[in-house]
Amino acid sequence: MPHGARVHGAGGFVGTILIGLLATATVTGGSRGRQALAVAVVAAYSFGTTWLIAAVLIRTVRVDQDDEDGGLALAAHAEAAWDLVPHAAGGCRTASRPSRAGSARPSRWRPA
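Worth saying up front: this structure is predicted, and the values here are computed from it rather than measured.

Caption draft 1: View of the overall build of the chain. Assigned secondary structure in the chain consists of five helices and two strands. When the helices and strands of the chain are listed from N to C terminus, the series reads α-α-α-α-α-β-β. A total of about 9600 Å² of accessible surface is found on the chain, and carbon and sulfur atoms cover 63% of it.

Caption draft 2: How the structure looks around the environment of Ala36. Summarising the element assignment, Ala36 is placed in helix H3 (residues 32-60). For Ala36, a relative accessible area of 39% puts it in the partly exposed group. In this structure the C-alpha to C-alpha distance between Ala36 and Gly20, which are 16 residues apart in sequence, comes to 8.0 Å.

Caption draft 3: Main features of a negative patch on the surface. A grouping of Asp64, Asp66, Asp67, Glu68 and Asp69 is seen on the molecular surface, where their side chains present a negatively charged patch. Position of Glu68 among the secondary structure elements: in helix H4 (residues 65-70).

Caption draft 4: Summary view of a nonpolar patch on the surface. Together, Phe13, Val14, Leu18, Leu21 and Leu22 make up an exposed nonpolar region whose accessible area comes to about 490 Å². Looking at where Leu21 falls in the secondary structure, it is placed in helix H1 (residues 3-22).

Caption draft 5: Spotlight on the confidence of the model for the chain. Per-residue pLDDT for the chain averages 74, and the proportion of residues at 70 or more is 66%. Per-element mean pLDDT across the chain ranges from 59 in strand E2 (residues 92-94) up to 91 in H3. Overall, residues 98-112 carries pLDDT values under 50, and its contacts beyond four positions in sequence, including any with other chains, amount to eleven contacts.

Cut-offs applied
Residues numbered from 1 in each chain as written. Predicted model: local features only at pLDDT ≥ 70, side-chain atom pairs only at ≥ 80, totals over all residues. Heavy atoms only, no water. Helix = DSSP H or I, 4+ residues; strand = E, 2+ residues; numbered from the N terminus. Areas by Shrake-Rupley, 256 points an atom, 1.4 Å probe, with all protein chains shown as cover. Buried < 20%, exposed > 50% of the residue type's maximum accessible area, 1.4 Å probe, protein only. Patch = residues over 30% accessible without salt bridge, like charges linked within 9 Å, V, L, I, M, F, W, Y side chains within 5 Å. Salt bridge = Lys/Arg side-chain N within 4 Å of Asp/Glu carboxyl O. Lys, Arg positive; Asp, Glu negative; His and termini not counted. Charge placed at Lys NZ, Arg CZ, Asp CG, Glu CD. pLDDT = per-residue confidence, 0-100. Contact = heavy atoms within 4.5 Å.

Have a look at this one:
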């Protein structure tokens, strides 16, 4: 789940509902139902708009299967986005990079 949905979406949902539940009637106007309705309307609008944008992009933005298999960064920018090498404990890690000569900080990249 994207960061925005976890943090902003969930926080906004919970905060809006709790304002309706915990605030006094003078603050909310005594309309707890409107708070819940507003959350539902915003959720439906956000879902529908996101679905529509994704549907348009899926139908219009296309890349060759060979480019996608080889990596889009390599096809678009002529460089690999991630230089992954197999790790002894399983999985992959980023490849080690040489430290800069005369650098004040030691390199965080360590060879396997």
